[in-house]
Amino acid sequence: MAKNHAKEKALEALEATGNNRREASLLLRVWAESDEKLKADLVRPFLNNICALAVQSAAAGRATLRKPASGRKRPADNAASLLNAISGGGAQTMSSTRSSAPPPPASSARHRQAVTLLASAFKPGNKS
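Remember, predicted model here, so these are calculated numbers, not experimental data.

Comments concerning the packing of aromatic side chains
In this description, a pair of aromatic rings is defined by centroid distance and the angle of the planes. Using the criterion set out here, one finds zero aromatic pairs in the structure. Sitting over the face of the ring of Trp-31, Lys-9 holds its NZ or CZ atom 4.6 Å from the ring centroid.

Side note on a nonpolar patch on the surface
A contiguous nonpolar surface patch, about 410 Å² in accessible area, is contributed by Leu-42, Val-43, Phe-46, Leu-47 and Ile-50. Of all the secondary structure elements, the ones that give two or more residues to the nonpolar patch are helix H3 (36-43) and helix H4 (47-65). Here Leu-42 shows up in helix H3. Its relative accessible area of 30% is what places Leu-42 among the partly exposed residues.

Brief notes about unusual backbone geometry
A positive phi is found at Asn-19, a non-glycine position, where the angle reads about 65 degrees. Residue Asn-19 is classed as exposed on the basis of its relative accessible area, which comes to 60%.

Focus on the pattern of salt bridges
Pairing between side chains of opposite charge can happen when their charged atoms approach one another. Counted according to the given criterion, the structure contains four salt bridges. Residues Glu-12 and Lys-9 are paired through a salt bridge, measuring 3.7 Å at the closest nitrogen-oxygen approach. You can see Glu-12 and its partner Lys-9 sitting in helix H1 (residues 2-16), three residues apart, about one turn around the helix. Residue classification places Glu-12 among the partly exposed residues on the basis of a relative accessible area of 40%. Among the residues examined, Lys-9 registers a relative accessible area of 18% and is labelled buried. Among the ionic pairs, Arg-44 bridges to Asp-41, the shortest N-O distance being 3.0 Å. A network of salt bridges, in which partner residues are shared, links Lys-37, Asp-41 and Arg-44.

Let's talk about the confidence of the model for the protein
On average, residues of the protein score 81 in pLDDT, and 71% of them reach the 70 mark or higher. Ranking the elements of the protein by mean pLDDT puts helix H5 (residues 79-87) last with 72 and helix H2 (residues 21-34) first with 94.

The rules behind each value
Residues numbered from 1 in each chain as written. Predicted model: local features only at pLDDT ≥ 70, side-chain atom pairs only at ≥ 80, totals over all residues. Heavy atoms only, no water. Phe/Tyr/Trp six-rings, centres within 6.5 Å; stacked < 30°, edge-to-face > 60°. Lys NZ or Arg CZ within 6 Å of the ring centre and 35° of its normal. Patch = residues over 30% accessible without salt bridge, like charges linked within 9 Å, V, L, I, M, F, W, Y side chains within 5 Å. Areas by Shrake-Rupley, 256 points an atom, 1.4 Å probe, with all protein chains shown as cover. Salt bridge = Lys/Arg side-chain N within 4 Å of Asp/Glu carboxyl O. Helix = DSSP H or I, 4+ residues; strand = E, 2+ residues; numbered from the N terminus. Buried < 20%, exposed > 50% of the residue type's maximum accessible area, 1.4 Å probe, protein only. pLDDT = per-residue confidence, 0-100.

Right, dumping it as structure tokens:
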């Protein structure tokens, strides 16, 4: 019955808005604010996930306020070592001219032939 009530109200909202889905969803939301049964029917399928998200968010907020409860140490923050690796002498920059990558492999004869054929098809004055 719960699914039917929400479905009936959704169909009613679609009919009232001339099948405009966006406006129907807004209208259904307005109706849900004043109809607790409708709101409960709409939220019920998502309630477990909403609760899990609330607990996860609360736990994350609490973790930043106090140290971990277990005796385990948190992993070391690698931000400093990452910055050193990036800014170190061996790292390339965008303006670097060093070529550490090997050159691309030579193309095959078949590939060269295909590229030549394509290029000749687009020469000015060529009306194929």
